[in-house]
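One letter stands for each residue in the lines below.
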Amino acid sequence: MIDDLWYKNAIIYSVNVGTFMDSNGDGVGDFEGLSRCLDYLSGLGVTCIWLQPFQPSPYRDAGYDITDYYGVDPRHGSSGDFVDFTNQAKQRGLRIIIDLVLNHTSDQHPWFQAARADRKSKYRDWYVWSKKRPADYRKGVVFPGVQQSIWSYDKIAREWYYHRFYEFQPDLNTENPEVQTEIQRIMGYWLELGVSGFRVDAVPFMIESRMPGKKRVLNYEYLTRLRNFLQWREGDAILLGEANVVPAEDKDFFGDEGDRMHMLFNFYVNQHMFYALASGDAEPVAKAIRATQKIPEFAQWASFLRNHDELDLGRLTDKQRRLVFSKFGSEKQMQLYGRGIRRRLAPMLGGRPQLELAYSLMLSVPGTPVLRYGDEIGMGDDLELKERGAVRTPMQWSDEPQAGFSTAPKTILPVIDEGVWSYNLINVAAQRCDPNSMLNWTERMIRFRKECPEVGWGTCTILKTGSPSVLALRYDWRNNSLLTLHNFDDKPTSILLDVGVKEGDRLVNLLVRDESRAGSNGKHTIVLEGYGYRWFRVGGLNYILNREKY
Ligand code: TEU
């Protein structure tokens, strides 16, 4: 049954265990705490939780520097707590996907320790070495301004080792057959513990050939092998790839036959959505949707606004990027790595109307939405924290001390306790009681999104609106159609729209009790307020009754 493809119409929510809920008062979030929040998440409408790395780690890159792929960092609990958590999630019908960070390990990992200590160790070749410093040692750093090079000298090994990311994250030699077997073992282990798949970290880096001095080649075939292994072990598990690439490369990662990544984050549409929000111009985002539209039938985009990293604007033109910087991150301290903005969504966008517009847009572009914890209540950032730490502060549950996140005097990262983004003002407990809160609005929107499977499954057509600030998307799937409209301008605008229906046919507004009938020319005149948005069921009587049976 085609409807078994759960990831086509899921609501994914990304959680960092360490900053979500601390149950034992040590200042660090844990699995027991997260388990207690599962009713909150299922109430919000989430269907799949993406757990960021929780394995043992010195935590120099928020857990993306792992020292044991088969464990749980003791600060987050035990493996038993993890299994308890997955069981509780299962009780509520929630799926779990976890980060798979295999481009590199921590330099503290026993494999690297063995590799550096003994040239003859079998682990030596698990990493990438060079006797001399390669000439291009400064080329291709991922964190410019913070990271100096991609080759560092190791005094113990007395050779240079390769690292695309920080110097404490040596790259694994993923071409080594033993490393490949180990990767399968790691995937197999977590699948056996009940996860529904992996968010594959840094995919283009993970599959690159890294011989010093040689041309950079990407081994896409390896992705097909990962996929085959995954599917052999678990038929409905998925790979969600992190690959910030240009549209021409999408097919390499999805595979022509859809036999590589099931899903990829749509970084391209993401950046153009922010451009539209900053400029008021809908055309570039329409173009980005068009450019990423042709993907294999069973592949899917992951749509998102913000994640745990900087908002990377590297795919925009210099002019576009300058405009987004000037609107959403004009101060130097808001910018990062020369290409991005290290702010959360709410402070960047400034107001509730823009936030609603952005969220409604993200939920309605082709793909499956991925939300970032805290964005559902409009959490802020802390620019005092280093690099991407700014957007990683603990979840704000209530106005109790430490935002109800922990009873410890000191937490893993400080909670936001000052100014307009303080937990005293922005927290789940307060918003739960307020029918007009961001939280309740988000919950309602998620419900609509789930009731409109056309977005996850259907064909998307971009309609002409005659107004440069309005994006109109029509979705069709199994005799159901949906129309969404978004006005990026702060001023109201009126559009004349040919939705392709007969005279008198109706557009039923799903968000408020309202409808529009086509005029004698078969067209609809619709007035949108500044930052206005609409979701219409096309043609039918009642949007649920109209739904054809799957
Ligand atoms: O990021 C990998 C990556 O490719 C980065 O370019 C990313 O797009 C972003 O710019 C990083 O700020 C992943 C994780 O998302 C990131 O948190 C880790 O630091 C990184 O891997 C190393 O594991």
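A few points on the structure. It should be emphasised that the depicted structure is a prediction, and the values quoted were computed from it without experimental measurement.

## Let's talk about the sheet that holds strand β16 (residues 470-477)
Okay, step 1: Strand order in the open sheet made by the six strands is β15-β16-β17-β22-β19-β20, with antiparallel pairing throughout. The two strands at the open ends of the sheet, each matched to only one other strand, are β15 (459-463) and β20 (515-517). Strand-to-strand twist across the sheet, computed as the mean angle between neighbouring axes with direction ignored, equals 25°.
Okay, step 2: Examined bridge by bridge, strand β19 (residues 506-509) and β20 share three bridges and lie antiparallel to one another. Bridging from a neighbouring strand, Val 508 pairs with Glu 515 of β20.

## Topic: the site of the ligand
Okay, step 1: If you check the shell around the ligand, you find 18 residues, and the closest are Asp 61, Asp 201, Asp 309, Glu 310 and Arg 388.
Okay, step 2: At 3.2 Å from an oxygen atom of the ligand is found a side-chain nitrogen or oxygen belonging to Glu 242.
Okay, step 3: Taken by itself the ligand offers 490 Å² of open surface, and the protein chains cover 95% of this.
Okay, step 4: Considering only residue class, the shell around the ligand consists of seven nonpolar, two polar and nine charged.

## As for the nonpolar core
Okay, step 1: Of all hydrophobic cores here, the largest spans 141 residues; its most connected members are Tyr 13, Phe 20, Ile 49, Leu 51, Phe 198, Phe 253 and Met 395.
Okay, step 2: Taken domain by domain, this core gets at least three of its residues from each of domain 1 (110-162) and domain 2 (459-546).
Okay, step 3: The next biggest cluster of nonpolar side chains, apart from the first, holds 15 residues, and it includes Ala 472, Val 499, Leu 528 and Phe 536.

## Topic: helix α11 (residues 318-328)
Okay, step 1: For α11, the complete set of buried residues consists of Gln 320, Arg 321, Val 324, Phe 325 and Phe 328. Along the long axis of α11, the arc covered by the buried residues comes to 135°, so they all point the same way. Residues of α11 that are exposed and point over 90 degrees away from its buried face: Lys 319, Arg 322 and Lys 327.
Okay, step 2: Contacts made by the buried residues of α11 are with α9 (267-279), α10 (283-291), β12 (335-336), β13 (340-341) and α12 (345-349).

Rules used in this analysis
- Residues numbered from 1 in each chain as written.
- Predicted model: local features only at pLDDT ≥ 70, side-chain atom pairs only at ≥ 80, totals over all residues.
- Heavy atoms only, no water.
- Pairing = 2+ DSSP bridges.
- Helix = DSSP H or I, 4+ residues; strand = E, 2+ residues; numbered from the N terminus.
- Axes fitted to C-alpha atoms, helices over the stretch in contact; angles between N-to-C directions.
- Near = heavy atom within 4 Å.
- Polar contact = N/O pair within 3.5 Å; in protein donor to acceptor, adjacent residues only side chain to side chain.
- Areas by Shrake-Rupley, 256 points an atom, 1.4 Å probe, with all protein chains shown as cover.
- Nonpolar A, V, L, I, M, F, W, Y, C, P; charged D, E, K, R; others polar.
- Core = buried A, V, L, I, M, F, W, Y, C linked by side-chain atoms within 4.5 Å.
- Buried < 20%, exposed > 50% of the residue type's maximum accessible area, 1.4 Å probe, protein only.
- Domains from an automatic or database assignment.
- Arc of directions from axis to C-beta.
- Contact = heavy atoms within 4.5 Å.

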